[in-house]
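Listed here are the chains, written in short residue letters.
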Amino acid sequence: QVQLAESGGGLVQAGGSLRLHCAASGHTFSSYVMGWFRQAPGKEREFVASISRRGGYTYYSDTVKDRFTISRDNAKNTVYLQMNSLKPEDTAVYYCAADPLATTQAMGGMKALEAWGQGTLVTVSS
């Protein structure tokens, strides 16, 4: 089973940018569909973006489409989330997730994914 560790969170002003990293352990990273989710205080965890095993397909929630970009580097066992034009409502703990059976479109609706990271906090000030 892959293990995930996020980094790159922090405090940023509205309109700014951050790039999150998710490093995966193990030798089968390229067999996993990867995704980013987030959970704001007092709210349910929500899907943000997903990327296919080789990176050719991506899928985004409507709330982040055109502002966020997910990418991956299988040689480095890492998935990224580039976040631009950040808004205060983007404030949340961001989690990386992995699953070998998901599709990029279905990942957001799946009840259980194989692996989750511990999360990294993103705070956007107004």
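Residues numbered from 1 in each chain as written. Predicted model: local features only at pLDDT ≥ 70, side-chain atom pairs only at ≥ 80, totals over all residues. Heavy atoms only, no water.

Description of the side chain of Thr-78
Right, on to step 1. When you line up the elements, Thr-78 lands in strand β8 (residues 78-83).
Right, on to step 2. Separated by 2.8 Å, the side chain of Thr-78 and the backbone oxygen of Lys-76 make a polar contact.
Right, on to step 3. Filtering out sequence-adjacent residues up to four positions away, Thr-78 remains in contact with Cys-22, Ala-23, Phe-29, Arg-72 and Asp-73. (Helix = DSSP H or I, 4+ residues; strand = E, 2+ residues; numbered from the N terminus. Polar contact = N/O pair within 3.5 Å; in protein donor to acceptor, adjacent residues only side chain to side chain. Contact = heavy atoms within 4.5 Å.)

So, the state of the cysteines
Right, on to step 1. Inspection of every chain in the model, using the stated rule, returns one disulfide.
Right, on to step 2. A sulfur-sulfur distance of 2.1 Å marks the disulfide that ties Cys-22 to Cys-96. Across the S-S bond linking Cys-22 and Cys-96, the dihedral sits near -80°, which makes this disulfide left-handed. In this pair, Cys-22 is assigned in strand β3 (residues 18-24) and Cys-96 in strand β9 (residues 92-99), connecting sequence segments 74 residues apart.
Right, on to step 3. Taking relative accessible area as the criterion, Cys-22 reaches 0% and is therefore assigned buried. (Disulfide = S-S within 2.5 Å. Buried < 20%, exposed > 50% of the residue type's maximum accessible area, 1.4 Å probe, protein only.)

Quick notes on the pairing of strand β5 (residues 46-51)
Right, on to step 1. Across the six residues of β5, five count as buried, placing the element largely inside the fold.
Right, on to step 2. In the sheet, strand β4 (residues 33-39) pairs with β5 via five bridges, with the strands oriented antiparallel. Counterpart to Gly-35 in the pairing with β5 is Ser-50.
Right, on to step 3. The hairpin formed by β4 and β5 contains six residues between the paired strands, and Gly-42 there has a positive phi angle of roughly 75°.
Right, on to step 4. In terms of strand pairing, β5 meets strand β6 (residues 58-60) through three bridges, oriented antiparallel. Of the residues in β6, the one forming a bridge with Ile-51 is Thr-58.
Right, on to step 5. With antiparallel pairing between neighbouring strands as the criterion, β5 and β6 make up a hairpin whose turn holds six residues, including Gly-55 at a positive phi of roughly 90°. (Pairing = 2+ DSSP bridges.)

Purely spatial values, then, with no claim about function.
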